[in-house]
Amino acid sequence: METIRTVAWMKEKARAARQEQRIIGLVPTMGALHAGHLALVERARRECSPVYASIFLNPKQFAANEDLSRYPRPLEADVEKLTEAKVDGLFHPNAAEIYPSGFSTYVHVEGLSERLEGRSRAGHFQGVSTVVLKLFEIVQPHYAYFGRKDAQQVRIVQQMARDLNLDTEIVVCPIVREADGLAMSSRNTYLGTEDRQAATVLHRALRAAENEIAAGVRDAMQLQGAMHKVLRSEPRARVDYAEIVDAETFEPMVRVARRAYAVLAVYVGKTRLIDNMLIEPVGDELRAEI
Ligand code: AMP
């Protein structure tokens, strides 16, 4: 597997692949790869050739008080995993390559970027949208693979792709979880033994909402109440938000009658974790997917 460090060379490779009528797949990541990332790669490999993964720890999506400096960077292990997963190339530019001095253009998806994650993490989604558009321009993928783990992020990327007539189709993949239900995340490595155990509370809260749905509950307040009750039971957890929102707008819902998400952001000790459950109407029933 080739590691590509410059925009110019990545563009050259992408241009050549497009000229040969090949289908380019892109899996954008920030590194510290786990089975969630590798599931995206696997899906991409089934649908595209060549498949490029990117590892770019994007400074513009971290606020000043966030964890950019201590974010894990196990590059050697990542390269090994991507090689084993048979990725064709790794695009791994440094920050100056992506943001040369004088950089001054940003993409902002209005509305969606201000809610939930956007409210708690000022500037986060502007950083995400900007780097994703740049990656699309550089790698020219026909398909780009994102995890539902970051449901609001993928919704924003879809909105950007639609609004800006991008040639890249966004593919959303399911959440990959640990055996005890904790959604895989590079940030899970921050958790000490006790916090790691407490972190299962996010999944347990989603399960509680799922049980209510199975029992016929449609009232969003009642579903939120079920999640909060579980979250309150864990003394190491501090809730940022736990809401039922419309899957298109990420606005609060009163009654679940269309596609929705149960979305959670919870501090466990000092580590901020997110998780979600997709709720979809199927006939007269609601189907929950954790
Ligand atoms: P990150 O490296 O955290 O920026 O994540 C890169 C991509 O992997 C994003 O599209 C994430 O949504 C996706 N991803 C992260 N964790 C998981 C997971 N547990 N299951 C599925 N996709 C994931």
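Residues numbered from 1 in each chain as written. Predicted model: local features only at pLDDT ≥ 70, side-chain atom pairs only at ≥ 80, totals over all residues. Heavy atoms only, no water.

### Regarding the overall build of the protein
Defined as follows: By the criteria applied, helices consist of DSSP H or I runs no shorter than four residues and strands consist of E runs no shorter than two, each listed in order from the N terminus. Using C-alpha atoms as the atom set, the radius of gyration is obtained and then compared with a globule rule of 2.2 Å times the number of residues to the power 0.38. Accessibility here uses a 1.4 Å probe with only protein chains present; expressed as a share of the type maximum, an area under 20% marks a residue as buried, one over 50% as exposed, and anything in between as partly exposed. Every accessible area reported is derived by Shrake-Rupley at a probe size of 1.4 Å, with residue values counting cover from the shown protein chains alone. Charge counting follows a simple rule: Lys and Arg are positive, Asp and Glu are negative, and His as well as the terminal groups are ignored. Charge placement uses NZ in Lys and CZ in Arg. For Asp and Glu, CG and CD serve respectively.
A count of helical and extended segments in the protein gives ten helices and ten strands. Against the compact-globule benchmark of 19 Å for 290 residues, the protein has a radius of gyration of 19 Å, which places it among compact chains. For the C-alpha atoms alone, the extent of the protein along its principal axes is close to 55 × 45 × 40 Å. The buried share among the 290 residues of the protein stands at 53%. Total accessible area on the protein is roughly 13,800 Å²; 48% of this is exposed by carbon and sulfur atoms. If the 38 positive side-chain charges of the protein are averaged to one point and the 39 negative ones to another, these points end up 2 Å apart.

### Describing the sheet that holds strand β1 (residues 2-4)
The condition that has to hold: Two strands are said to pair when DSSP picks up at least two bridges between them. Lines are fitted to the C-alpha atoms to define the axes, a helix being fitted only along its stretch in contact, and any angle between axes, read from their N-to-C directions, falls within 0 to 180 degrees. Note on definitions: a residue-residue contact is assigned when non-hydrogen atoms from the two residues lie within 4.5 Å.
The six strands lie next to each other as β1-β4-β3-β2-β5-β6, forming an open sheet whose pairing is parallel. Edge positions in the sheet fall to β1 and β6 (169-173), since each has one partner strand and no second. Adjacent strand axes in the sheet meet at a mean angle of 25°, parallel and antiparallel pairs treated alike. In this structure, strand β2 (residues 25-29) lies alongside strand β5 (residues 143-147), joined through two bridges in parallel fashion. Looking at β5, one finds that glycine 25 is bridged to tyrosine 143. The strands touched by helix α1 (residues 7-19) are β1, β3 (51-55) and β4 (89-91); relative to β1, the strand with the most contacts, the crossing angle is about 125°. Each of β2, β3, β5 and β6 touches helix α2 (residues 35-47); the most contacted strand, β5, lies at about 155° to it.

### Thoughts on the site of the ligand
Note the following rule: Nearness here has a simple test: a residue counts as near a molecule or strand if at least one of its heavy atoms is within 4 Å of that partner. The term polar contact refers here to a pair of N or O atoms within 3.5 Å; inside protein, the definition further demands a hydrogen-donor-capable atom paired with an acceptor-capable atom, and it admits residues adjacent in sequence only when both atoms are side-chain atoms. Nonpolar residues are Ala, Val, Leu, Ile, Met, Phe, Trp, Tyr, Cys and Pro. Charged residues are Asp, Glu, Lys and Arg, and all others, Gly as well, are polar.
In the vicinity of the ligand, 16 residues are found, and the nearest of them are His37, Gly147, Asp150, Val176 and Met184. Valine 176 is positioned with one of its backbone polar atoms (N or O) 2.9 Å from a nitrogen atom of the ligand. Across the complex, the protein chains shield 92% of the 490 Å² of accessible surface that the ligand would expose by itself. Considering every element that reaches the shell around the ligand, the biggest residue donor is α2, with three residues. Class assignment of the residues belonging to the shell around the ligand gives a composition of eight nonpolar, six polar and two charged.

### As for the nonpolar core
For the record, the criterion: Joining through side-chain atoms within 4.5 Å is the link that ties buried Ala, Val, Leu, Ile, Met, Phe, Trp, Tyr and Cys residues into a set, and such a set is a nonpolar core.
In terms of nonpolar packing, the biggest core is built from 44 residues, with Phe91 and Phe136 touching the most fellow members. Elements represented by at least two residues in this core include exactly α1, α6 (124-139), β5, α7 (151-163), β7 (237-246), β8 (260-268) and β9 (271-282). At nine residues, the largest contribution of residues to this core is made by α6. When sequence neighbours within four positions are dropped, the list of residues in contact with phenylalanine 91 reads Ile4, Thr6, Val7, Met10, Ala53, Ser54, Ile55, Ile98, Leu135, Ile138 and Val139.

### Structural notes on helix α10 (residues 220-232)
What counts is decided by this rule: For a helix, the expected span equals 1.5 Å multiplied by the residue count minus one. By arc we mean the arc of the directions from the helix axis to the C-beta atoms, nothing more.
End to end, α10 covers 18 Å across 13 residues, agreeing with the expected 18 Å (1.5 Å per residue, within 8%). Within α10, the full set of buried residues consists of Ala220, Leu223, Gln224, Ala226, Met227, Val230 and Leu231. Buried residues of α10, viewed axially, fall in a sector of 155°; they line one side. The exposed residues of α10 that point more than 90 degrees off its buried face are Met221, Lys229 and Arg232.

### Structural notes on the packing of aromatic side chains
Stated formally: When two rings of Phe, Tyr or Trp (its six-membered ring) have centres within 6.5 Å they constitute a pair, described as stacked for plane angles under 30 degrees, edge-to-face for angles over 60, and tilted for the intermediate range. Whether a charge lies above a ring is judged from NZ of Lys or CZ of Arg, which has to be within 6 Å of the ring centre and within 35 degrees of the ring normal.
Throughout the structure, instances matching the rule amount to six aromatic pairs. Here phenylalanine 62 and tyrosine 71 contribute two aromatic rings whose centre-to-centre distance is 5.9 Å and whose plane-to-plane angle is 80°, an arrangement assigned as edge-to-face. Per residue, the accessibility class of phenylalanine 62 equals that of tyrosine 71, and both read buried. Each ring, one from phenylalanine 103 and one from tyrosine 106, has its centre 5.5 Å from the other, and the planes form 90°; the classification is edge-to-face. By relative accessible area, tyrosine 106 is classed as partly exposed at 36%. Within the aromatic cluster, the residues linked to one another by ring pairs are Phe56, Tyr99, Phe103 and Tyr106. Above the face of the tyrosine 99 ring, lysine 60 is positioned so that its terminal group lies 4.7 Å from the ring centre. For the cation-ring pair, arginine 238 lies above tyrosine 267, with the distance from its terminal atom to the ring centre recorded as 4.3 Å.

### Points about the pattern of salt bridges
For side chains of opposite charge, pairing can occur when their charged atoms come near one another. Operational definition: Each salt bridge in this description consists of a side-chain nitrogen of Lys or Arg and a carboxyl oxygen of Asp or Glu lying within 4 Å of one another.
The final tally for this structure, using the stated rule, is 20 salt bridges. In this structure, arginine 15 and glutamate 12 form a salt bridge, with 3.5 Å as the shortest nitrogen-oxygen distance. With arginine 15 and glutamate 12 both in helix α1 and three residues apart, this pair spans about one turn of that helix. The class for arginine 15 is partly exposed, based on a relative accessible area of 44%. A salt bridge links arginine 115 to glutamate 251, with the shortest nitrogen-to-oxygen separation between them at 3.2 Å. Pair noted here: arginine 115 is in the loop between α4 (95-98) and α5 (117-120) and glutamate 251 is in the loop between β7 and β8, with a separation of 136 residues, a long-range link. Residue class for arginine 115 comes out buried when judged on its relative accessible area of 18%. Put simply, Arg148, Arg259, Glu280, Arg287 and Glu289 are held in one network by salt bridges that share partners.

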